[in-house]
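Architecture at a glance
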Amino acid sequence: MKSNIAVMADEDTVTGFMLGGIKKGYPVKNMEKAGEILEDLVKKDFSVIITTKKIGDKFRETINKLTSERTLPMIIEIPDKTGSIERDSDPMRELIRRVIGVEMVK
Amino acid sequence: MAQEMIEGINPTRMELLKLKDREKLAVKGHSLLKEKRNALIMEFFNILERVKGSREDVEKTLTEAYKDLTAAQIVMGDLAVKKAAMSVKEFVDVDIDSRSVMGVVVPVLDSDIHKRTMVERGYGFLDTSVKLDEAAHKFEESIKLIIELGEIEKTIILLAGEIESTKRRVNALEHIIIPKLENTVKYIEMRLEEMERENFVRLKMIKKTMEME
């Protein structure tokens, strides 16, 4: 199956990924609107959506709702240019801990 | 808890047979689900091996990419970088397939992003800086890593969901449904035996009274 990749992030990140060869960039100017854009992108059948951790943290529930049941789309969170945010609980780690029952070193 | 039974059951032979069938089915289902759970967990551990370090890799390449991008923006100006980015040709080509792990459909991505030469990227050289080339190159690299990471993380999420629900079903069968069925079977057997004994005594009594007459 042919896939579509979209980037939804702040302007500089979008520019960077455009340089890398992803043409479907959706710059987010207003953080409040990001959730709507995200839902829109999912409706448009993008199979891979790259977004920033900041947006991810803000719309955690929306993302979980959109991705937990289905195979596609996959939403990947990356750090933006201000660098990685230190989080006390990485959602991925949390999930692994819940399933296996013990803390695993990443 | 230990003595819990299914409500509203008549202690008859018919009911007993039915219950025994149900118990057999439950035990069979339980062992099958247990096998499924074990297989899923094994697959989960395999994936966990792959996820190790891949998030760090992505973050490292991205930090470098951002650094180069910022440098390019300083040298050329925001607008010029944007202009160059707009003229880059669409290049990412990813095939998405799926494979099934014990009934869970997980994506398999086949990314075909080979290194592009500078000419293939599609922006002009006249007004662009070397930093821009480096940034573009780094972003290409990180896109590849990001897609791999996405595949792994998605697989983990899907597998985790399935493992959780399978676990719940195994536990429900093991701790609630099977004991309940066992208790009910035992109860009916006891009632039937009791009834037989009662009948036996009754017959003896009748015989005795008939002999006395």
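Residues numbered from 1 in each chain as written. Chains lettered and ligands numbered in written order. Predicted model: local features only at pLDDT ≥ 70, side-chain atom pairs only at ≥ 80, totals over all residues. Heavy atoms only, no water.

**Side note on the nonpolar core**
Let me state the cut-off plainly: Only buried residues count toward a nonpolar core, which is a set of Ala, Val, Leu, Ile, Met, Phe, Trp, Tyr and Cys residues joined through side-chain atoms within 4.5 Å. Per-residue accessibility, obtained with a 1.4 Å probe over protein chains only, is compared with the maximum for each type, and a residue is labelled buried under 20%, exposed over 50%, and partly exposed between these values. Every helix listed is a DSSP run of H or I at least four residues long, and every strand listed is a run of E at least two residues long, numbered separately from the N terminus. Only heavy atoms enter the contact rule, under which two residues are in contact if any of them lie within 4.5 Å.
The biggest cluster of nonpolar side chains holds 36 residues, and the ones touching the most others in it are Phe17, Leu19 and Ile50 of chain A. Put simply, the parts of the chain that give this core at least two residues each are β1 (5–9), α1 (11–20), β3 (48–52) and β4 (74–78) of chain A together with α2 (54–76), α3 (78–86), β1 (94–101) and α5 (130–212) of chain B. With sequence-adjacent residues up to four places away left out, Ile50 of chain A is seen in contact with Ile5, Ala6, Val7, Met8, Phe17, Ile22, Ile76 and Ile78 of chain A together with Ile146 of chain B. Grouped together as the second largest cluster of nonpolar side chains are 18 residues, Ile96 of chain A together with Val101, Leu158 and Ala160 of chain B included.

**Quick notes on the packing of aromatic side chains**
Geometrically, a pair of aromatic rings is defined through the distance of the ring centres and the angle of the planes. Cut-off, in case you're wondering: Pairing of aromatic rings covers Phe, Tyr and the six-membered ring of Trp, with a centre-to-centre limit of 6.5 Å; geometry is then stacked below 30 degrees between planes, edge-to-face above 60, and tilted otherwise.
Scanning all chains against the criterion turns up two aromatic pairs over all chains. Summarising the aromatic geometry, the rings of Phe17 of chain A and Phe139 of chain B are spaced 5.2 Å apart at their centres and angled 65° between planes, so their arrangement reads as edge-to-face. A residue pair is termed interchain when its members come from two chains, as with Phe17 of chain A in helix α1 and Phe139 of chain B in helix α5. No difference in accessibility class separates Phe17 of chain A from Phe139 of chain B, as the two residues are buried. For the pair Tyr66 of chain B and Phe139 of chain B, a centre-to-centre distance of 5.8 Å together with 80° between the ring planes defines the contact as edge-to-face. Separated by 73 residues along the polypeptide, Tyr66 of chain B in helix α2 and Phe139 of chain B in helix α5 bring together distant segments of the chain.

**Brief notes about helix α2 (residues 34–43) of chain A**
Residues and elements named next belong to chain A. For clarity, the threshold we go by: By definition, the arc is the one covered by directions from the helix axis to the C-beta atoms.
Residues of α2 that are buried: Ala34, Gly35, Leu38, Leu41 and Val42. With its buried residues spanning 125° around the axis, α2 presents them on a single face. Among the exposed residues of α2, those oriented more than 90 degrees off its buried face are Glu36 and Lys43. Elements in contact with the buried residues of α2: β1, β2 (25–27), β3, α3 (53–58), α4 (60–67) and β4.

**Examining the packing of α1 of chain A against α5 of chain B**
Short version of the rule: Between the N-to-C directions of two axes lies an angle of 0 to 180 degrees, each axis being a line fitted to C-alpha atoms and, for a helix, fitted only over the stretch in contact. If an angle is under 35 degrees, it is roughly parallel; if it is over 145, roughly antiparallel; if it lies from 65 to 115, roughly perpendicular; otherwise it is oblique. Classes in brief: Ala, Val, Leu, Ile, Met, Phe, Trp, Tyr, Cys and Pro nonpolar; Asp, Glu, Lys and Arg charged; the others, Gly included, polar.
In contact at an axis separation of 7 Å, α1 of chain A and α5 of chain B are set at 90° when each is read in the N-to-C sense. Relative to α5 of chain B, the element α1 of chain A lies roughly perpendicular. Across the interface between the two elements, Gly16, Phe17, Leu19 and Gly20 of chain A of α1 of chain A pack against Leu132, Ala135, Ala136, Phe139, Glu140, Ile143 and Ile146 of chain B of α5 of chain B. For the contact of α1 of chain A with α5 of chain B, the per-class residue count stands at eight nonpolar, two polar and one charged.

**Focus on the environment of Leu32 of chain B**
Residue and element names in this part refer to chain B. Along the chain, the position of Leu32 falls in helix α1 (residues 13–51). In this structure Leu32 comes out as exposed when scored by relative accessible area, which is 55%. On a C-alpha basis, the gap between Leu32 and Glu148 in space is 33 Å, while along the polypeptide they are 116 residues apart.

**Topic: the side chain of Lys36 of chain B**
Residue and element names in this part refer to chain B. The condition is simple: In the analysis that follows, any N or O atom pair within 3.5 Å is treated as a polar contact, provided that within protein one partner can donate a hydrogen and the other can accept it, and provided that, for residues neighboring in sequence, both atoms belong to side chains.
Considering the arrangement of structural elements, one finds Lys36 in helix α1. At 2.8 Å, the side chain of Lys36 forms a polar contact with the side chain of Glu162. Residues contacting Lys36, with those up to four places away along its chain left out, are Met102, Glu162 and Thr166.

**Points about the interface of chain A and chain B**
To keep things clear, this is the line we draw: Two parts lose some accessible area (1.4 Å probe) when they are put together, and adding that loss for both gives the buried area. By salt bridge we mean one thing: a side-chain nitrogen of Lys or Arg within 4 Å of a carboxyl oxygen of Asp or Glu.
Counting from both sides, the interface comprises 45 residues of chain A and, opposite them, 52 residues of chain B. Carbon and sulfur atoms supply 67% of the area that chain A and chain B bury against each other, a total of about 4,100 Å² over both sides. A per-residue breakdown of the area chain A buries against chain B is headed by Leu19, Lys23 and Val99 of chain A, which together make up 17% of the total. Seen at the junction of chain A and chain B, the total is two salt bridges. A salt bridge links Glu59 of chain B to Lys53 of chain A, with the shortest nitrogen-to-oxygen separation between them at 2.8 Å. Scanning the region where chain A abuts chain B turns up five residue pairs in polar contact (both at pLDDT 80 or more). Every element with two or more residues in the side of chain A that touches chain B is listed here: α1, β3, β4 and α5 (91–100) of chain A. Looking at the side of chain A that touches chain B residue by residue, the class counts come to 21 nonpolar, 11 polar and 13 charged.

**Some details on the packing of α5 of chain A against α5 of chain B**
Formally: Take the far helix as your reference; a near helix turned counterclockwise from it by less than a right angle gives a left-handed crossing, and one turned clockwise gives a right-handed crossing.
Where α5 of chain A meets α5 of chain B, the closest approach of the two axes is 10 Å, and the angle between their N-to-C directions is 30°. By the angle class used here, α5 of chain A and α5 of chain B are roughly parallel. The two elements α5 of chain A and α5 of chain B cross, and the hand of that crossing is left-handed. From α5 of chain A, Met92, Leu95, Ile96, Arg98 and Val99 of chain A reach across to α5 of chain B, where they touch Glu153, Ile156, Ile157, Ala160, Ile163, Glu164 and Lys167 of chain B. Of the residues in the contact of α5 of chain A with α5 of chain B, the class split is eight nonpolar, no polar and four charged.

**Some words on the sheet that holds β4 of chain A**
So the rule is basically this: Being paired, for any two strands, means DSSP has found at least two bridges between them.
The strand order β2-β1-β3-β4 (chain A) describes an open sheet built from four strands, whose pairing is parallel. The open sheet has two edge strands with one neighbour each: β2 and β4 of chain A. Going across the sheet, the axis of each strand differs from the next one's by a mean of 20°, ignoring polarity. Taken together, the three bridges between β1 of chain A and β2 of chain A define a ladder with parallel strand orientation. The residue of β2 of chain A that forms the bridge with Ala9 of chain A is Pro27 of chain A. Most of the contacts of α2 of chain A go to β1 of chain A, to which it runs at about 175°, and overall it touches β1, β2, β3 and β4 of chain A. Each of β1, β3 and β4 of chain A touches α5 of chain B; the most contacted strand, β4 of chain A, lies at about 120° to it.

Limitation: the analysis is restricted to geometry and does not speak to function.
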